[in-house]
Amino acid sequence: MADAEVIPLDDDTRSRRGAGAKVPRGRRGSGRRNDSEQRTPAASLAPVPDAEPDSGPDTEPEAEPAAGPEADREAGASAPGEAEGPVAAEETPGPARGGGGAQERPEEADRDLPGLPDPAAVLAALGDALGGAADRLLGGPWERKVANGLAFLRRRITGEYEVDDFGYDRELTDQVLMSLLRPVFAKYFRVEVRGIENIPAEGGALVVANHSGTLPLDALMTQVAVHDHHPAHRRLRLLAADLVFVLPVVNELARKAGHTLACAEDARLLLERGEVVGVMPEGFKGLGKPFSERYKLQRFGRGGFVSTALRTRVPIVPCSIVGAEEIYPMVGNSRTAARLFGLPYFPVTPTFPWLGPLGMVPLPTKWTIQFGEPIATDTHPPEAAEDPMLVFNLTDQVRETIQHTLYRLLMQRRSVFF
């Protein structure tokens, strides 16, 4: 759109709009014109000389008149009746007269503004803060954690990991399964471990523990206790019942975690290799006993674990677990449902099956796992494993040791949950 033509104004319009004002042609106000306004006389419609072009990007702005005593004297000389000389200028504080006030130079304004933060420093501080938060979340330097995780995934995808002839995946157990069980061990059940030094630092050993709790969570917590609290970070290889290895998902996880079938052959092979083997001789009789019989040990079977220890000449370490009896208070057993699902028992607790899956959440009881002094077997010859009387006496000795330790721990316990 072309620029509007500019015409001069008469004296009356100048007095109202201000001297030097210009009105573009073609812009009309809305409504009726004021009667006091007069149309521009025809004599004033003379050709207007071309106006100076507006200052553009290449046009330098006019320099403002310098403010100071010289400007004040010039302004004072043009105004009649005003005091002359620099004294009059000094008597009037504030900005200089004549130019509408002196403006502050850009250089001085920049010096008065506070300095802006360096973007690189801000990004570095933000990175340090995020790194510290990641360290607290992951429990260590997060770069190393991420690198180890990526390397672990690469080995799993390419198949560069080892599994023994029992199906034990050591790397998967240490980095995944133990990481999932540790929060339950430390934060939920708050397990206190005692006497862990009774497990030898090297060589085979047989850990014999009581079994309770409706579900075998006590076996998993004992596995975490040996792995994390032993000075040599030994790994407990548990002997499990046949039912564990027929369930679809549990079978694979149990094999990966180092569990094996509870038979004398597998136990002997592991002990001869110098592994720490865990066994809970009560079996399902201990898991499925009613809440009224809590902390009362059931029969330890025929002493097959003692015969295996005598043949391999490894020590027997009694283990007593307090706190697992109360996670699922079993107040009843539905035998019909047990036969229907092919289970040794079907527990009825105050929350299960009434609350459905929510009823399977265990109560957050306070646990204590006590490892007793080892019972030596290397003082007997290997053929002593065929002596039924010796096997019976050692079995009874282990059972009585665990039972007395349970009673002592219960007397020391202040509360089930604290």
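Owing to the predicted nature of the structure, the values given are computational and were not obtained by experimental measurement. Per-chain numbering applies: the sequence of each chain, read as written, is numbered from 1 onward. Given that the model is predicted, a residue must reach a pLDDT of at least 70 before its local features are reported, and side-chain atom pairs must reach 80 or more before they are shown or counted; all residues, however, enter totals for whole chains, interfaces and linings. Hydrogens are left out, water is left out, and the side-chain values use all remaining heavy atoms of the structure.

S.K.: What should I look at first to understand the overall build of the protein chain in this one?
M.R.: Secondary structure is summarised from DSSP: a helix means a run of H or I of at least four residues, a strand means a run of E of at least two, and numbering begins at the N terminus for each. For the protein chain, the count of helices and strands is 14 helices and 11 strands. Accessibility here uses a 1.4 Å probe with only protein chains present; expressed as a share of the type maximum, an area under 20% marks a residue as buried, one over 50% as exposed, and anything in between as partly exposed. Every one of the 418 residues in the protein chain was classed for burial, and the buried ones make up 33%. We call two residues in contact whenever any of their non-hydrogen atoms come within 4.5 Å of each other. Residue pairs at least 24 apart in sequence account for 72% of intrachain contacts in the protein chain once pairs closer than 6 positions are excluded. With an accessible surface of roughly 26,700 Å², the protein chain has 57% of that area assigned to carbon and sulfur atoms. In short, Shrake-Rupley with a 1.4 Å probe defines the accessible areas, and a residue's cover is counted only from the protein chains shown.

S.K.: Which parts of the structure should I look at to understand the nonpolar core?
M.R.: The nonpolar side chains of a soluble globular protein tend to be buried with one another. Here, nonpolar core means buried Ala, Val, Leu, Ile, Met, Phe, Trp, Tyr and Cys residues that are tied together by side-chain atoms lying within 4.5 Å of each other. Ranked by size, the top nonpolar core spans 29 residues in total, and within it Leu206, Val208, Phe305 and Val398 carry the most contacts. Every element with two or more residues in this core is listed here: β4 (205-209), α10 (264-272), β7 (276-279), α12 (304-312), β8 (316-322) and α14 (388-412). With seven residues, the top contributor of residues to this core is α14. Here Leu206 is in contact with Leu271, Val277, Val279, Phe305, Ala309, Val314, Pro315, Ile316 and Val317, once residues within four sequence places are set aside. In this structure, Phe189, Met280, Ile321 and Tyr328 belong to the second largest nonpolar core, which totals 27 residues.

S.K.: Would you mind going over α12 with me for this structure?
M.R.: An α-helix turns once every 3.6 residues. As a result, residues three or four positions apart point the same way. Counting buried residues along α12, seven of its nine residues qualify, which places the element largely inside the surrounding structure. The set of residues buried in α12 consists of Phe305, Val306, Ser307, Thr308, Ala309, Leu310 and Thr312. Contacts from the buried residues of α12 go to β4, α10, β7, β8 and α14. After α12 finishes, the residue Arg313 shows a positive phi value of roughly 60 degrees.

S.K.: How do you make sense of the pattern of salt bridges when you look at a structure like this?
M.R.: One side-chain nitrogen of Lys or Arg within 4 Å of one carboxyl oxygen of Asp or Glu is enough to make a salt bridge. Enumeration over the complete set of coordinates arrives at 16 salt bridges. Here Glu272 ties to Arg268 by a salt bridge, and the two come within 3.3 Å at their closest N and O atoms. Residue Glu272 and its partner Arg268 are both found in helix α10; the two are separated by four residues, about one turn of the helix. Accessibility expressed as a relative area gives 31% for Arg268, which makes it partly exposed. Within this structure, Arg155, Arg156, Asp169 and Glu171 form a network of salt bridges that share partners.

S.K.: What is the right way to read the packing of aromatic side chains from this model?
M.R.: Centre distance and the angle of the planes are the two values used to describe a pair of aromatic rings. Side-chain rings of Phe, Tyr and Trp, where Trp is taken by its six-membered ring, are said to pair if the distance between their centres is within 6.5 Å; with planes under 30 degrees apart they count as stacked, over 60 as edge-to-face, and otherwise as tilted. Summed over all chains, the structure comprises six aromatic pairs. With centroids separated by 6.5 Å and ring planes inclined at 65 degrees, the aromatic side chains of Phe284 and Tyr345 adopt a geometry described as edge-to-face. In this pair, Phe284 is assigned in helix α11 (residues 284-287) and Tyr345 in the loop between α13 (335-341) and β10 (347-348), connecting sequence segments 61 residues apart. When its relative accessible area of 33% is taken as the criterion, Phe284 is described as partly exposed.

S.K.: Sorry if this is basic, but what is going on with the packing of helix α7 (residues 170-188) against helix α8 (residues 217-229) here?
M.R.: For any two helices packed against each other, the geometry comes down to the angle between their axes and how far apart the axes lie. Geometry is summarised by axes, namely lines fitted to C-alpha atoms with helices restricted to the contacting stretch, and by angles between N-to-C directions that run from 0 to 180 degrees. Where α7 contacts α8, the two axes come as close as 10 Å, and the packing angle between them is 105 degrees. In this view, α7 runs roughly perpendicular relative to α8, as classed from their interaxial angle. Residues Asp174, Met178, Leu181, Arg182, Val184 and Phe185 of α7 form the contact with α8, whose participating residues are Leu220, Met221, Gln223, Val224, Ala225, His227, Asp228 and His229. When residue character is reported, Ala, Val, Leu, Ile, Met, Phe, Trp, Tyr, Cys and Pro are called nonpolar, Asp, Glu, Lys and Arg charged, and the others, Gly included, polar. Across the contact of α7 with α8, the residue classes tally to eight nonpolar, three polar and three charged. Reported orientations rely on four angle classes, namely roughly parallel under 35 degrees, roughly antiparallel over 145, roughly perpendicular from 65 to 115, and oblique for the rest.

S.K.: Teacher, can you tell me more about the side chain of Ser307 here?
M.R.: Within the secondary structure, Ser307 is located in helix α12. Overall, Ser307 belongs to the buried group, its relative accessible area being 12%.

S.K.: Please explain the packing of α12 against α14 as it appears in this structure.
M.R.: The interhelical angle for the contact between α12 and α14, taken along N-to-C directions, is 110 degrees, at an axis separation of 9 Å. When the axes of α12 and α14 are compared, the pair comes out roughly perpendicular. Along its contact with α12, which presents Phe305, Val306, Ser307 and Leu310, the element α14 presents Leu390, Val391, Leu394, Thr395 and Val398. A breakdown of the residues in the contact of α12 with α14 according to their chemical character gives seven nonpolar, two polar and no charged.

S.K.: Please clarify how the pairing of β8 should be interpreted in this entry.
M.R.: On a regular strand, each side chain points to the face opposite its neighbour's, so the side chains alternate between the two faces of the sheet. The element β8 is largely enclosed, with a buried count of seven among its seven residues. Side chains Ile316, Pro318, Ser320 and Val322 project from β8 onto one buried face, and the interleaved Val317, Cys319 and Ile321 project onto a second face that is buried too. Sheet topology places β4 next to β8; four bridges connect them, and they run parallel. Residue pairing for β8: Ala209 is matched across the bridge by Cys319. Two strands pair when backbone bridges link them, and β8 and strand β11 (residues 368-371) are joined in this way by four bridges, in the antiparallel orientation. When DSSP finds at least two bridges between two strands, those strands are taken to pair.

S.K.: Help me out: how do you make sense of the environment of Gly342 in this one?
M.R.: For Gly342, the location among the structural elements is in the loop between α13 and β10. With 99 residues separating them along the chain, Gly342 and Leu243 place their C-alpha atoms 9.5 Å apart.

S.K.: Explanation requested: the sheet that holds β7 in the structure shown.
M.R.: Note: strands within a sheet are paired through backbone hydrogen bonds, in either parallel or antiparallel orientation. Pairing in this open sheet of seven strands is mixed, and the strands run β3-β11-β8-β4-β7-β5-β6 from one edge to the other. At either margin of the open sheet sits one strand with a lone partner, and together these are β3 (192-194) and β6 (260-261). This element, α12, spans β4, β7 and β8 of the sheet and lies at about 165 degrees to β4. Along the sheet face, α14 touches β3, β4, β8 and β11 and points at about 35 degrees away from the line of β8.

S.K.: I tried to follow the confidence of the model for the protein chain on my own but got confused; where do I start?
M.R.: Low pLDDT means the predicted coordinates in that region are not meant to be read closely. Per-residue pLDDT for the protein chain has a mean of 78; in total, 67% of the residues score no lower than 70. By definition, pLDDT measures how confident the predictor is in each residue, and it falls between 0 and 100. For the protein chain, helix α3 (residues 86-91) is the element with the lowest average pLDDT, namely 42, and β11 is the one with the highest, namely 98. Segment residues 13-104 is flagged for pLDDT under 50; beyond a separation of four residues in sequence, or across chains, it makes 52 contacts in the model. In the predicted structure, residues 106-113 sits below a pLDDT of 50 and forms two contacts with residues beyond four places in sequence or in another chain.

S.K.: Sorry, what's going on with unusual backbone geometry here?
M.R.: When glycine is set aside, most residues are seen to have a negative phi, and most peptide bonds are trans. Looking along the chain, the bond that leaves Phe352 and enters Pro353 is cis, with omega of 5 degrees. Inspection of the secondary structure assignment puts Pro353 in the loop between β10 and β11. Even without being glycine, Arg190 reaches a positive phi, approximately 50 degrees. Structurally, Arg190 is set in the loop between α7 and β3. One non-glycine residue, Thr214, lies in positive phi territory at about 70 degrees. Take Thr214: it is sitting in the loop between β4 and α8. Given a relative accessible area of 6%, Thr214 falls into the buried group.

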